[in-house]
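Listed below are the residues making up each chain.
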Amino acid sequence: MREATLENLIDFIRILRENGFRVGISEDIDAYNAINELGIFGDIRSTYYRVGDFREALRITLVKDPNLYELFDKLFDMYWLTDLDMRHRIENKVKVEVVIEGETPDPIKKFLSIYSPLEIRGRSPRDVMIDPGVRNTVRRILRMIGKKIPTRPGVRRAISSKGEINFPLSYREAISTLGDIVKLKRAKKKISRAHFVFLIDISGSMEDAWVSIAKFLKALKGLPTSSYEVFLFSTDLIRATEAVQMGERAVRDLLVRSGIWGSGTRIGESLYKLIGFYRGFLRSKSIVLIISDGWDLGDLKLLEKSLAELKRIVNKILWLSPHAGKKGFVPETLCLKIASRYVDAILPTELLYDIITLRRYLKKLSTLL
Amino acid sequence: MMNVEIDLNSLSVEEILRLLESVGYIADRRIATAVYLAIRLEKPLLIEGEPGCGKTELAKALAEALRTELIRLQCYEGLDASKALYEWDYPRQLIAIRLLERSSSPEEIEKEIYSEKYLLKRPLLKAVMGNSSKPPVLLIDEVDRADEEFEALLLEFLSEFQITIPEIGSIRASKKPIVILTSNRTREVGDGLRRRCLYLYLSYPERDRELEIVRRKVPNISEKLANHVVDAIRVIRSIDGIAKKPGISETIEWAKALKELGYEELTEEAIKNTIYVVLKLPEDIERVDPSYIISKIGGQSVERSNAGKPN
């Protein structure tokens, strides 16, 4: 058993941060105050006999997401209750990472989930040219989507002749004219700007769609960085926002480095990572666009669980499939069948770079409100 | 409960457990530790969890146990500062202007109409202006229903426990209220708010705790029925695809309903007749097979209870 000292507490918090916990300085202080308040701080006997209270105090002050409870417990046990190998690693500042395994699927399914129906392709993506016209079109399309799927109206009201009569505002104005209401004021709620999260499937089965996707990614470069996030996935998920902002070469380097280009598809596992590891990039006003053909033999239970959780976190989820615009398309793959229960619409990928297709679907988008 | 003054400075985790129990809230040590730390560290406590798990009830029970005032702010979409903090009573101010305009100078009128008597105090202002010897319990209920902008307003309030009214000045709480925020997780509460709060996730209670709650909340219930209800609820929660899983409140309501109908134990017929107390969606009701529940809880499948059902 390790003693609850300030030094050990700071070490433990460092390990939490290394494992994806978002712990700020104020929470460090809260944790210190909490164990002090409980009389555990600096007292090895109390730490030993009241390990339940100690664990609870740290959990209450440092963990603000129940999805991380299991990981927290593992790290707590490893750090505070065992100190063999861990002590060496901490003293030598070795990064300590713990992986919580999800439900282990059937071995055959697991094999198929790693290797999609198409063979693994060890190639890197091809170069794509983009003309300035495409860039403008993509930006226009994103603006149109953002307007059609507004996020929740805020509490702040802006004076607007098209708004509702606002009595408090009218009375307030009347105070300055000694009680005479000269004009009834009207106001309406402000709509906050859309935030996009693009989840792009770069597995082998999506290779034919790569040219369009690459053009789209190039067009994103230069947009305000606070307005979007890009994640690429196949058997794993990586954040590519910074690479997209830096340009095509950076995206290619990232794909080569990560080794996920053109491999199999595990959408459930990728979404699980998005929610667990990249949670901070998701906002309640986010519109998530999943660009994928839905060819997935990964853990379907995990996919369902992750989609349900994602739906809870964000504003809207749109699934864009390269096949969705084709005549007679029905979401028949197991993955798309599950997705159709959680996503707000399954739409064609062309929507992102073809303004004519977008116009055809605008009515559908406006009913998503 | 004895009428003894409670000193917040001398509370312990055990004492909180005992106090909550004395007002009928069966807490576990986790919950009591969170409440204890919220009081001692003067930090808001954010409680998340499934609906019906006792989040709101905890705030109510705490106020009752500490014999202090409960101030409740129910959140909803569109909730704004004028409904949460304060608002000037504009119609009354206008009347006052009319009455005073002939006898008073503009400065006197201004002083009069911006005095405290024209101030409509909303829950957050009430919580900081309280003049009782004990801090009130401020319950900010279902914060996930409010807009993000309201969260920003809460950030300011929760870090300083101070409200600034431009015409009057800043009002700071002399005793920081015990703040409990609840959320059903219908949307993600912002990081800023989470950082300022201690955090507790309430899930469905352990079997023994739920049984104890039923015994307390439904006096004179037969031991067999109480056990059956708790087991059946746990079976229903485990059924795949149930959209609205029953919480503790549904367990209590079901136990009360079955007792009122004279059942001494759970039977298939009892389940069929009362399942709407537990499940509120037709699709969920369709998913539940009474014989499956009976087989799982090990009770009788067809026999009616001896007490029978009243006419």
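Residues numbered from 1 in each chain as written. Chains lettered and ligands numbered in written order. Predicted model: local features only at pLDDT ≥ 70, side-chain atom pairs only at ≥ 80, totals over all residues. Heavy atoms only, no water.

**Student:** Got a minute to help me understand the overall build of chain A in this structure?
**Tutor:** Secondary structure summary: chain A contains 16 helices and eight strands in total. The contacts of chain A with a sequence gap of at least 6 include a subset with a gap of at least 24, amounting to 76%. Entry remark: accessible area of chain A is about 18,200 Å², with carbon and sulfur atoms responsible for 53%. (Helix = DSSP H or I, 4+ residues; strand = E, 2+ residues; numbered from the N terminus. Contact = heavy atoms within 4.5 Å. Areas by Shrake-Rupley, 256 points an atom, 1.4 Å probe, with all protein chains shown as cover.)

**Student:** Help me understand helix H14 (residues 300-313) of chain A in this model?
**Tutor:** What sets the pattern is the α-helix's 3.6 residues per turn: residues three or four places apart point alike. All names here are of chain A. A rise of 1.5 Å per residue sets the reference length of H14, with its 14 residues, at 20 Å; its end C-alpha atoms lie 20 Å apart and thus fit the reference within 8%. Buried residues of H14: Leu-302, Leu-303, Ser-306, Leu-307, Glu-309, Leu-310, Arg-312 and Ile-313, and no others. Along its buried surface, H14 packs onto helix H13 (267-277), strand E6 (286-291), strand E7 (316-321) and helix H15 (334-342). Measuring from the side-chain oxygen of the N-cap residue of H14 to the backbone nitrogen of Lys-301 gives 3.2 Å; that N-cap residue is Asp-299. (Expected span 1.5 Å × (residues − 1). Buried < 20%, exposed > 50% of the residue type's maximum accessible area, 1.4 Å probe, protein only. Polar contact = N/O pair within 3.5 Å; in protein donor to acceptor, adjacent residues only side chain to side chain.)

**Student:** Can you walk me through the environment of Gln-93 of chain B in this structure?
**Tutor:** Tracing the backbone shows Gln-93 of chain B in helix H5 (residues 90-100). In the structure, Gln-93 of chain B is positioned 16 residues away from Ile-109 of chain B in sequence and 9.6 Å away in space, judged by C-alpha atoms. The residues touching Gln-93 of chain B, leaving out its near neighbours within four places in the chain, are Ile-175 of chain A together with Trp-88, Ile-113, Tyr-114 and Tyr-118 of chain B.

**Student:** Any chance you could explain the pairing of strand E8 (residues 345-348) of chain A here in plain terms?
**Tutor:** A regular strand places its side chains so that they alternate between the two faces of the sheet. Residue and element names in this part refer to chain A. In this sheet, E8 lies alongside E7 in parallel orientation, the contact comprising four bridges. Following the sheet pairing, Leu-318 is matched in E8 by Ala-345. In this region the chain leaves E7, passes through H15 and returns to the parallel neighbour E8; the handedness of that crossover is right-handed. (Pairing = 2+ DSSP bridges. Right-handed = clockwise from strand over helix to strand, strands pointing away.)

**Student:** Which parts of the structure should I look at to understand the interface of chain A and chain B?
**Tutor:** A common way to state how big an interface is: give the accessible area lost once the parts meet. Contacts between the two partners involve 41 residues from chain A and, on the opposite side, 44 residues from chain B. Overall, the association of chain A and chain B removes approximately 3,800 Å² of surface from exposure, summing both partners, and the carbon and sulfur fraction of that is 54%. Three residues, Ile-60, Lys-64 and Arg-312 of chain A, lead the burial of chain A against chain B; their summed loss comes to 18% of the area buried on that side. Taken together, the links from chain A to chain B amount to six salt bridges. The closest approach of N and O atoms between Arg-30 of chain B and Glu-56 of chain A, which form a salt bridge, is 3.6 Å. Run the count over chain A and chain B and you get 10 residue pairs in polar contact (both at pLDDT 80 or more). The set of elements that each furnish at least two residues to the side of chain A that touches chain B consists of helix H2 (25-37), helix H4 (51-62), strand E1 (153-165), helix H9 (167-176) and H14 of chain A. Top contributing element to the side of chain A that touches chain B by residue count: H2 of chain A, with six residues. In terms of residue class, the side of chain A that touches chain B is built from 15 nonpolar, eight polar and 18 charged. (Buried area = accessible area lost by both parts, 1.4 Å probe. Salt bridge = Lys/Arg side-chain N within 4 Å of Asp/Glu carboxyl O. Nonpolar A, V, L, I, M, F, W, Y, C, P; charged D, E, K, R; others polar.)

**Student:** Honestly, the pattern of salt bridges in this entry has me stumped. Any pointers?
**Tutor:** Residues and elements named next belong to chain A. Throughout the structure, instances matching the rule amount to 44 salt bridges over all chains. A salt bridge links Lys-273 to Asp-236, with the shortest nitrogen-to-oxygen separation between them at 3.2 Å. Highlighted residues: Lys-273 in helix H13 and Asp-236 in the loop between strand E4 (228-233) and strand E5 (237-239), separated in sequence by 37 residues. On the basis of relative accessible area, Asp-236 is assigned to the partly exposed category, the value being 32%. Across the salt bridge formed by Glu-309 and Arg-312, the nearest N and O atoms sit 3.0 Å from each other. Taken together, the residues span about one helical turn, with Glu-309 and Arg-312 both in helix H14 at a distance of three residues. Both residues of the pair, Glu-309 and Arg-312, count as buried.

**Student:** How should I be thinking about the confidence of the model for chain B in this particular structure?
**Tutor:** Fine structural detail should not be taken from predicted coordinates in areas where pLDDT scores are low. All names here are of chain B. Chain-level pLDDT for chain B is 87 on average; 94% of the residues reach the 70-or-more range. In the model, residues 300-311 has pLDDT below 50 throughout and makes 29 contacts with residues more than four positions away in sequence or in other chains. Interface confidence for the predicted complex, given as ipTM, is 0.80, next to a pTM of 0.66. (pLDDT = per-residue confidence, 0-100.)

**Student:** What am I meant to see in the packing of aromatic side chains here?
**Tutor:** Working definition: an aromatic ring pair is given by the centre-to-centre distance plus the angle between the planes. Residue and element names in this part refer to chain A. A complete count under the given rule lists 13 aromatic pairs over all chains for this structure. For the ring pair Phe-54 and Trp-80, a centre distance of 4.9 Å and an interplane angle of 80° mean the geometry is edge-to-face. Of this pair, Phe-54 sits in helix H4 while Trp-80 sits in helix H5 (residues 69-81), and the two are 26 residues apart along the sequence. Residue Phe-54 shares its accessibility class with Trp-80, and that shared class is buried. Against the face of Tyr-69 rests Arg-59, its NZ or CZ located 4.9 Å from the ring centre. (Phe/Tyr/Trp six-rings, centres within 6.5 Å; stacked < 30°, edge-to-face > 60°. Lys NZ or Arg CZ within 6 Å of the ring centre and 35° of its normal.)

**Student:** Sorry, what's going on with the packing of helix H10 (residues 207-217) of chain B against helix H12 (residues 248-260) of chain B here?
**Tutor:** Residue and element names in this part refer to chain B. Remark: H10 packs on H12, axes separated minimally by 10 Å, with the N-to-C direction vectors making an angle of 50°. It follows that H10 is oblique to H12 by the angle criterion. H10 and H12 meet at a crossing whose hand is right-handed. Judged by residue contacts, Glu-210, Ile-213, Val-214 and Lys-217 of H10 engage Ile-248, Thr-251, Ile-252, Ala-255 and Lys-256 from H12. Each residue belonging to the contact of H10 with H12 can be placed in one class, and the counts come to five nonpolar, one polar and three charged. (Axes fitted to C-alpha atoms, helices over the stretch in contact; angles between N-to-C directions. Parallel < 35°, antiparallel > 145°, perpendicular 65-115°, else oblique. Left-handed = near helix turned anticlockwise from the far one by under 90°.)

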